[in-house]
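Architecture at a glance
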Number of protein chains: 2
Amino acid sequence: MEYTEGGICAAKGFKASGMYCGLKKSPADSGKDIKHKNDICLFASDALCNTAAVYTQNKVKGAPIIVTKKNLEKSGSKAFAVIANSKYANTCNADSEEKAQEMCALVANEMGINQEQVIVASTGVIGQTLPIEPIRKAVPELVKNLDYGKNLEAATAIMTTDTVKKEYAVKFKIGGKECAVGGMAKGSGMIHPNMATTLNFITTDCAVSVKMLEKALGEIVKVTYNCLSIDGDTSTNDMVSLMANGLAGSDEIADESEDFEIFKQALCEVMTNLTRMLAKDGEGASKLLECTCSSAPDKDTAITVAKSVVCSSLFKAAMFGEDANWGRIACAIGYADAQFDIEKIDVDLRSKAGVICVCRSGIGTPFSEEEASRVLAEDEIYIDINLNQGEESATAWGCDLTYDYVKINGDYRT
Amino acid sequence: MEYTEGGICAAKGFKASGMYCGLKKSPADSGKDIKHKNDICLFASDALCNTAAVYTQNKVKGAPIIVTKKNLEKSGSKAFAVIANSKYANTCNADSEEKAQEMCALVANEMGINQEQVIVASTGVIGQTLPIEPIRKAVPELVKNLDYGKNLEAATAIMTTDTVKKEYAVKFKIGGKECAVGGMAKGSGMIHPNMATTLNFITTDCAVSVKMLEKALGEIVKVTYNCLSIDGDTSTNDMVSLMANGLAGSDEIADESEDFEIFKQALCEVMTNLTRMLAKDGEGASKLLECTCSSAPDKDTAITVAKSVVCSSLFKAAMFGEDANWGRIACAIGYADAQFDIEKIDVDLRSKAGVICVCRSGIGTPFSEEEASRVLAEDEIYIDINLNQGEESATAWGCDLTYDYVKINGDYRT
């Protein structure tokens, strides 16, 4: 298992393209420091892909979610291509569903494929009408420009308040054949995934049955994206899609074989790294927070406790202030919705500058404020919670709460 | 039902006192603009009170919560006095429970009452050792200074990051006798009550049985404090106590009579007003947010939807920015954990400057951004959600998310 370049194009047979079509304000007009101006992208596989997807559990579902779900149902979970735009969520408008369908139809017509084999995704402001004309003009160009090395063009097109593009890929072997799993993701606010997170697209050239893709995606989403929170707000447009085109030439994974375990390991590595990138680039974030809850009686308790800590506004603000106010960790552990004995818990705060022990058996331990300041000055902070009452562990990711989060979200639509 | 001055001393036979004993830094040393320097208070009734209390559901319970609960169990829900301090939560230290007990004993000895008839409460930093010596010195003076008009001395002593004291009282008649219900509360962060909220003390001179006090408190907490959220963090030290000394001379309320309804109405008015004060003075808040969900299929759905909106960090930040980004309301309604039809929902944003209609039947409606800016420039914003699918309604209270929230909580302990 080895890191490789290429993001969604790391796997054989996946082409991408991206461009600026006029949905976002031009960098000159926006008055903001926008480093990424692409606002629409397309990616496609040379061969029809077995596909799995998970969607937001928000009852307000973006039209792209509704259309993608219907398409994959009709196509028997087969897809050729994904079209995605930023700036408009295409959600809560009277014509949203019609426009999401048109986006699929435009791609299908131009590529000569079936409309149901297209996935559509949108991210941006909810409730503002998506201008379709720029997309109509852009699609022929996007199709013409599809290329194996253009993953970056696509990864930048799905950025909204993201400050960095998010891509990760690994290569590995299955049955002697070189395979890859790669992905791209966008953050960075309205992130508190429930069964999925904001736009995430994963590709692989392994041959995997739809059933096993769904199984792998479900398992890994639970311990990666679903353990991420930027601000506690579950978006209306969250989606993860996983497409497998089989072009690596490996035998199809159709049951819980050793090959399936290797594939899951690769998928987990890609999704964990994308999750960390999403957390680190959370809106306004200055620090990544990674909380691991170990020795829990069961996996769900470990997840619930770890998430409760990274979701606490008070703890997040304390981390921004580099203040070792561990009482806020104790408080967040205490209101986690799970059953465990609070009097057995140990807590450490850790970074590459060192470790401070703040709590043993539920009681505060004295620590040097000076050393704590040094530990918390780093930009990646680890919170280690040992429940001392079982064998299971889980990690959750988040970020600090900063002035910039408030600034960005006080004035998001302009 | 009429507003009256006097807070916890509005009801006959309740005396209070408060002072600075040295727990807080002195205003000169703190380097902060502290308008309230009292840090300890006592209040007491001339007659033994029937008492009801509700406590935080956080699994990490402050020692004062544990001790108060035991005391009221032992005393048969009877209390004479309440001692409360700020600055230290007296929670998660090895000697916390012992010190909470000592605080009760100090008061009991000085007043010549039973230790189990004393309620103790603490608010402040979790996990830092409470200095008991200043409290030992303070108690005799607190007892000596008890007086009927000193409610303000007490109300200021429980303030932490609160910027204003919070008191409310009403007077009314039961069976021809003049009665009062009054209360005081402290905020202003770590507020997301679950069965109770941060320190709240209510007094009345009505005669009410313990059973009916508990019933009234349970019912009213559910629709007042439990519908309040500043930051989603449920404190370890939340408590509401309700003490009835019967000195108004009215007949005891011992069942669900007409008198009970009058008493509940008075209690609801006091607790609703304290809830609004807590929301408006939320840490760093510049605006009160009051969200009413009407025409819901049931009460719990109405509460869940209204709370979901006032809890959304994204919506709170948008309100700080005076940005009518109603998609964030739609998003928060959508992830509320309740069952309802999203396509019937209407949403208005309202203040004393006017009303803007932003959503009808789940679809965005065009509105004037200029008018929206005028409406949102006010410091009390009302969000009216009509589910159009039932008869029940509920209100939730919160505040905007501001730079100052981050500032206060980045550096809370110093």
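Our structure's up above, just so we're on the same page.
Described below are features of the structure shown in this document. Starting afresh in each chain, residues are numbered from 1 along the sequence in its written order. Labels follow written order: the first chain is A, the first ligand is 1, and so on. At least 70 in pLDDT is required for a residue's local features to be given in this predicted model, at least 80 for side-chain atom pairs to be given and counted, and no such filter applies to totals for whole chains, interfaces and linings, which use all residues. As a convention, hydrogens and water are excluded, and side-chain values are obtained from all of the structure's heavy atoms.

**Observations regarding the packing of aromatic side chains**
Two numbers describe a pair of aromatic rings. These are the distance of the centres and the angle of the planes. We apply this condition: Aromatic rings from Phe, Tyr and Trp, with only the six-membered ring used for Trp, were paired whenever their centres fell within 6.5 Å, and each pair was classed as stacked if the ring planes differed by under 30 degrees, edge-to-face if by over 60, and tilted otherwise. Secondary structure follows DSSP: runs of H or I at least 4 residues long count as helices, runs of E at least 2 residues long count as strands, and numbering of each begins at the N terminus. A 1.4 Å probe rolled over the protein chains alone gives each residue an accessible area, and that area as a share of the maximum for its type sets the label: buried under 20%, exposed over 50%, partly exposed in between.
According to the stated counting rule, one finds seven aromatic pairs over all chains in the structure shown. Measuring from ring centre to ring centre gives 5.3 Å for Phe-320 of chain B and Tyr-403 of chain B, while their planes differ by 80°; the resulting arrangement is edge-to-face. With Phe-320 of chain B in helix 9 (residues 313-320) and Tyr-403 of chain B in helix 12 (residues 403-410), this pair connects stretches of sequence that are 83 residues apart. A relative accessible area of 26% places Phe-320 of chain B in the partly exposed class. Taken together, the aromatic side chains of Phe-320 and Tyr-403 of chain A together with Phe-320 and Tyr-403 of chain B make up a single cluster linked through ring pairs.

**Section: the environment of Val-82 of chain B**
All names here are of chain B. Checked against the element boundaries, Val-82 lands in strand 4 (residues 78-85). On the accessibility criterion, Val-82 (1% relative accessible area) is buried. C-alpha of Val-82 to C-alpha of Cys-41: the two residues are 41 residues apart in sequence and 8.2 Å apart in space.

**Things to note about the packing of helix 8 (residues 299-311) of chain A against helix 10 (residues 327-335) of chain A**
Residues and elements named next belong to chain A. The following threshold applies: Think of each axis as a best-fit line through the C-alpha atoms, taken over the contacting stretch in the case of a helix, with angles from 0 to 180 degrees between the N-to-C directions. Throughout, the term roughly parallel applies to angles under 35 degrees, roughly antiparallel to angles over 145, roughly perpendicular to angles from 65 to 115, and oblique to all others. Handedness of each helix crossing follows the sense of rotation of the near helix against the far helix: counterclockwise by less than a right angle gives left-handed, clockwise gives right-handed. Residue contacts follow a heavy-atom distance rule, with two residues in contact if any of their heavy atoms lie within 4.5 Å. Amino acid classes used here: Ala, Val, Leu, Ile, Met, Phe, Trp, Tyr, Cys and Pro are nonpolar; Asp, Glu, Lys and Arg are charged; the rest, including Gly, are polar.
Where helix 8 meets helix 10, the closest approach of the two axes is 8 Å, and the angle between their N-to-C directions is 135°. Here helix 8 is positioned oblique relative to helix 10, judged by the angle of their axes. Considering how the two elements wind past one another, helix 8 and helix 10 form a crossing that is right-handed. Contacts between helix 8 and helix 10 involve Val-305, Ser-308 and Val-309 from the former and Ile-329, Ala-332, Ile-333 and Tyr-335 from the latter. Looking at the contact of helix 8 with helix 10 residue by residue, the classes come out as six nonpolar, one polar and no charged.

**Considering the pattern of salt bridges**
Residues and elements named next belong to chain A. As a reminder of what qualifies: Salt bridge, as applied in this entry: a Lys or Arg side-chain nitrogen positioned within 4 Å of an Asp or Glu carboxyl oxygen.
Under the criterion given, the structure shown has 44 salt bridges over all chains. The partner of Lys-264 in a salt bridge is Glu-219, and the shortest N-O contact between them spans 2.4 Å. Of this pair, Lys-264 sits in helix 7 (residues 258-280) while Glu-219 is found in helix 6 (residues 210-223), placing the two residues 45 residues apart along the sequence.

**Topic: the environment of Ile-383 of chain B**
Residue and element names in this part refer to chain B. Along the chain, the position of Ile-383 falls in strand 14 (residues 380-386). Sequence-wise, Ile-383 and Gly-321 are 62 residues apart; in three dimensions their C-alpha atoms are separated by 16 Å. Those residues in contact with Ile-383 that lie beyond four places of it in its chain are Leu-289, Glu-290, Cys-291, Thr-292, Phe-315, Ile-329, Val-347, Asp-348 and Leu-349.

**Here we look at the pairing of strand 14 (residues 380-386) of chain A**
Residue and element names in this part refer to chain A. Condition: Should DSSP find at least two bridges between two strands, the strands are regarded as paired.
Sheet topology note: the strand 10 (residues 288-296)/strand 14 ladder contains seven bridges and is parallel. Bridging across to strand 14, Leu-289 finds its partner in Ile-381. Bridging between strand 11 (residues 346-351) and strand 14 involves five bridges; their strand directions are antiparallel. If you follow Arg-350 over to strand 14, its bridge partner there is Tyr-382.

**A word on the side chain of Asp-346 of chain A**
Residues and elements named next belong to chain A. Where we set the bar: Under the counting rule used here, the positive set is Lys and Arg, the negative set is Asp and Glu, and His together with the chain ends is not counted. A 3.5 Å cut-off defines polar contacts: any pair of N or O atoms within that distance qualifies, except that in protein one atom must be a possible hydrogen donor and the other a possible acceptor, and neighbouring residues in sequence count only when both atoms are side-chain atoms.
Positionally, Asp-346 belongs in strand 11. Buried within the structure, Asp-346 lacks any salt-bridge partner; Arg-360 is the closest side chain of opposite charge, at an N-O distance of 4.3 Å. Among the polar contacts made by the side chain of Asp-346, one reaches the side chain of Asn-388 at a distance of 2.9 Å. Beyond its immediate sequence surroundings of up to four residues, Asp-346 is in contact with Cys-359, Arg-360, Ser-361, Asp-384, Ile-385, Asn-386 and Asn-388.

The values reported here are purely geometric and, on their own, carry no functional implication.
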